[in-house]
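A closer look at the structure
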Amino acid sequence: MTALADLLPRAFSTQAFRLAAASAAGFLIAAVMIVGLLFWQTNELLTGHVIAGLRAEADELARDARAGDIDALADTIRARSHPAGPGLYYLATTSNRKLAGNLEGLPPEIAGSPQGGVFTYGTDGASGAKGSLAVAIPVDAGPNAVLIVGRDIEEQRGFASRIKRTLLWGFGFLSVAAVLAGLAAGRAVLRRIETINATSRSIMAGDLSRRIPVTGTADELDDLATSLNSMLDRIEQLMNGLREVSDNIAHDLKTPLNRLRNRAEAALRDSRGPDAYKEGLESTIERADDLIKTFNALLLIARLEAGVVEESAERFDLGKLVRDVVDLYEPVAEQEGLDLTTTVVTDLTIVANRQLVGQAVANLADNAIKYAAKALARPDLKNIDVRLVAKNNMAEISVADHGPGIAPKDRERALRRFVRLEESRTKPGTGLGLSLVAAVARLHGGDVRLEDNEPGLRIVLALPLPAREQKTTEARSDDQGAGKSPS
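Owing to the predicted nature of the structure, the values given are computational and were not obtained by experimental measurement.

On to the overall build of the protein, then. Each helix and strand in the protein was counted, giving 12 helices and 13 strands. Evaluated residue by residue, the protein yields a buried proportion of 37% over its 487 residues. Surface accessibility of the protein: about 27,900 Å² in total, with carbon and sulfur atoms responsible for 57%.

It is the contact of helix α9 (residues 354–372) with helix α11 (residues 433–443), at a shortest axis distance of 9 Å, that shows an interaxial angle of 145°. α11 is crossed by α9, and the crossing has left-handed handedness. Touching Leu 356, Val 357, Gln 359, Ala 360, Asn 363, Leu 364 and Asn 367 of α9 are Gly 433, Leu 434, Leu 436, Val 437, Val 440 and Leu 443, all from α11. Looking at side-chain class alone, the contact of α9 with α11 contains 9 nonpolar, 4 polar and no charged residues.

This part takes up the packing of helix α8 (residues 318–335) against α9. Following both chains from N to C, one finds α8 and α9 inclined at 35°, their axes separated by 10 Å at the closest point. When the axes of α8 and α9 are compared, the crossing they make is right-handed. Here Leu 318, Leu 321, Val 325, Tyr 329, Val 332 and Ala 333 of α8 come into contact with α9, specifically with Arg 354, Val 357, Gly 358, Val 361, Ala 362, Ala 365, Asp 366 and Ile 369. Taken together, the residues that form the contact of α8 with α9 break down as 11 nonpolar, 1 polar and 2 charged.

It is worth spelling out the sheet that holds strand β3 (residues 117–121) at this point. Pairing within the open sheet is antiparallel, and its 5 strands lie in the order β2-β1-β5-β4-β3. At either end of the open sheet lies a strand with only one pairing partner, and these are β2 (98–100) and β3. Strand-to-strand, the axes of this sheet are offset by a mean angle of 35°, without reference to chain direction. Relative to β2, strand β1 (residues 87–93) runs antiparallel, the two sharing 2 bridges. Bridge pairing in β2 links Ala 92 to Lys 98. Helix α3 (residues 70–80) rests against β1, β2 and β5 (145–152) of the sheet, and its axis sits at about 155° to β1.

Core analysis: the biggest nonpolar cluster contains 46 residues, and Leu 318 and Leu 461 have the highest contact counts within it. The dominant element in this core, judged by the number of residues it contributes, is α9, at 10 residues. When residues no more than four places from it in sequence are discounted, the contact partners of Leu 461 are Ala 360, Leu 364, Ala 395, Glu 396, Ile 397, Val 437, Ala 441, Asp 447 and Val 448. Counting residues in hydrophobic clusters, the runner-up holds 22 residues, among them Ala 58, Ala 65, Leu 73 and Ala 145.

With that out of the way, let us pick up the pattern of salt bridges. Going through the model one piece at a time under the given rule, you end up with 16 salt bridges. Of the charged contacts, one joins Arg 151 and Glu 57 as a salt bridge, the two residues approaching to 2.4 Å between their closest N and O atoms. Residue Arg 151 is located in strand β5, and its partner Glu 57 is located in helix α2 (residues 15–66); the two are separated by 94 residues in the primary sequence. The partly exposed category is assigned to Arg 151, whose relative accessible area is 22%. Assessed through its relative accessible area of 7%, Glu 57 is described here as buried. Where salt bridges share partners, they join Glu 57, Glu 60, Arg 80 and Arg 151 into one cluster.

When the terminal C-alpha atoms of α8 are compared, their 26 Å separation across 18 residues agrees well with the 26 Å that a helix rising 1.5 Å per residue should span. Of all the bends in α8, the greatest, near 40°, is centred on Tyr 329, and the proline Pro 331 appears no more than four residues after it. Of all the residues in α8, the buried ones are Leu 318, Gly 319, Leu 321, Val 322, Val 325, Val 326, Tyr 329 and Ala 333. For α8, the elements touching its buried residues are β6 (314–317), β7 (339–344), β8 (349–352), α9, β9 (383–391) and β10 (394–400). With a side-chain oxygen lying 3.0 Å from the backbone nitrogen of Gly 319, the N-terminal cap of α8 falls on Asp 317. A positive phi of about 80° marks Gly 337, the residue just after α8.

Turning to helix α4 (residues 154–204), a few remarks are in order. Under the 1.5 Å per step criterion, the end-to-end length of α4 is 73 Å for 51 residues, consistent within 8% with the ideal 75 Å. Of the positions making up α4, those classed as buried are Gln 156, Ala 160, Phe 171, Ala 178, Gly 182, Leu 183, Gly 186, Leu 190, Arg 192, Ile 196, Thr 199 and Ile 203. Downstream of α4 by a residue or two, Gly 206 has a phi angle that is positive, lying close to 120°.

This part is about the environment of Ala 74. Note on placement: Ala 74 falls in helix α3. Overall, Ala 74 belongs to the buried group, its relative accessible area being 4%. Along the backbone, Ala 74 and Leu 99 are 25 residues apart, and their C-alpha atoms lie at a distance of 6.4 Å. If we skip the residues at most four places from it in the chain, Ala 74 touches Leu 91 and Ala 100.

Okay, the side chain of Thr 341 next. Within the secondary structure, Thr 341 is located in strand β7. On the basis of relative accessible area, Thr 341 is assigned to the buried category, the value being 19%.

A separate point is unusual backbone geometry. The omega torsion across Glu 454 and Pro 455 is -10°, close enough to zero to call that bond cis. Of note, Pro 455 is situated in the loop between β11 (447–452) and β12 (457–464). Phi is positive for Asn 392, close to 55°, though the residue is something other than glycine. Here Asn 392 falls in the exposed class, since its relative accessible area comes to 66%. In this structure, Glu 454 is a non-glycine residue whose phi angle is positive, near 50°. What makes Glu 454 exposed here is its relative accessible area of 68%.

All right, on to the confidence of the model for the protein then. Of the residues in the protein, 79% have a pLDDT of 70 or more, and the chain-wide mean is 77. Mean pLDDT across the secondary structure elements of the protein bottoms out at strand β13 (residues 483–486), with 43, and peaks at β10, with 92. Below pLDDT 50 for its whole length, residues 125–129 participates in 7 contacts with residues either more than four positions away or in separate chains. Across residues 480–487 the pLDDT falls below 50, and counting only partners more than four positions away or on other chains, this stretch makes 18 contacts in the model.

Criteria and thresholds
- Residues numbered from 1 in each chain as written.
- Predicted model: local features only at pLDDT ≥ 70, side-chain atom pairs only at ≥ 80, totals over all residues.
- Heavy atoms only, no water.
- Helix = DSSP H or I, 4+ residues; strand = E, 2+ residues; numbered from the N terminus.
- Buried < 20%, exposed > 50% of the residue type's maximum accessible area, 1.4 Å probe, protein only.
- Areas by Shrake-Rupley, 256 points an atom, 1.4 Å probe, with all protein chains shown as cover.
- Axes fitted to C-alpha atoms, helices over the stretch in contact; angles between N-to-C directions.
- Left-handed = near helix turned anticlockwise from the far one by under 90°.
- Contact = heavy atoms within 4.5 Å.
- Nonpolar A, V, L, I, M, F, W, Y, C, P; charged D, E, K, R; others polar.
- Pairing = 2+ DSSP bridges.
- Core = buried A, V, L, I, M, F, W, Y, C linked by side-chain atoms within 4.5 Å.
- Salt bridge = Lys/Arg side-chain N within 4 Å of Asp/Glu carboxyl O.
- Expected span 1.5 Å × (residues − 1).
- Bend = angle between axes of the 7 residues up to and from the residue.
- Polar contact = N/O pair within 3.5 Å; in protein donor to acceptor, adjacent residues only side chain to side chain.
- pLDDT = per-residue confidence, 0-100.

The following block contains the structure:
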């Protein structure tokens, strides 16, 4: 009950309540205008009908009066003057002596008025209810008589009163319904917002696993919750990555720094003198360069994760870039006793950061050469295949080797920073190569897949194609086919 009592005052101040109240007010104003117009038109129609009837009867009585027989006219008035009827009549001489009619006298409201008007009659009850409303017009009955013809309009006034009461009740009901609807909408919105606030407070308190509930109504708040949950997933991923990087830096960089320090101390203690110092400094510089490369890679990955790079995107031939990277690594592969071959789709252009994509492809080639050398005991497994194909509106660069591969359970972890599996512990490296490739893919809206090459590993870097390239790739692939350049 306390929570409900707290929600009610706040519900009045919500945007949902204000919108509901404004909509109800606009609807009520429009309803007043429409009903008022209908009431006015109905009243005009009824009034016109009464006036038309009075004028027709007045013309008929005027013709009788012009005949000159005042007694016959009085008889006609007496015949029409029914006590309970709506017709009202008054015939008198010019000296105000009543001759006939159901009115006691000439109403003062229309005395001397050539057009007639509205008056109140019936103070004795014999001619109708007390204070009844009527309308009358004068009739030309000649120089010696005064004649007015009227109609009781109490029924019309009662109809108007009923319309007014119905209108007021209807407006009152709509106003109450609008307030209740606004309160219900405000309370519903407040509950959803309070859920979002509670989740936010839990997250700020350190529970990054909390997510905003989605009701499944597919409304605006569900869309907001979905977007916020996606953002929270990304934040949790980045925070976990930062925590993992911090731990890995503490563990993986501590050993190289200790070795660097030990070599410097060993050089100082070496009895050979300057020659030993020179060798020690050269070794220190070499290892320091490796550390600088590691930190540069970390900085680049951090910039890619943040989506901020200095280099601008450009349109370039991805096939030519892949072939250039393969040409660069071909001597390295031959030195390791490996065959490096390429199969690329010609004239396939993308819009991306050329330098970063080239770095990613180079990392894939370098990894493949590094680990495929373990399979050289089998001559049929010395091939490294680099392919570029267009598939499902994506440009897919795949590098397949026949090395030890990566177990399916370790493939997702292999894309993280500083992760080095047991098979790679004896190889030089920092564990940042694949994480850099994954960061480049995310920056450009693509992805990285690690697949089984039976035996070995196939790594696929998928980058989105421009809209124009998507329309032409399929036709070009069918007509032109793939261009192969074995190296």
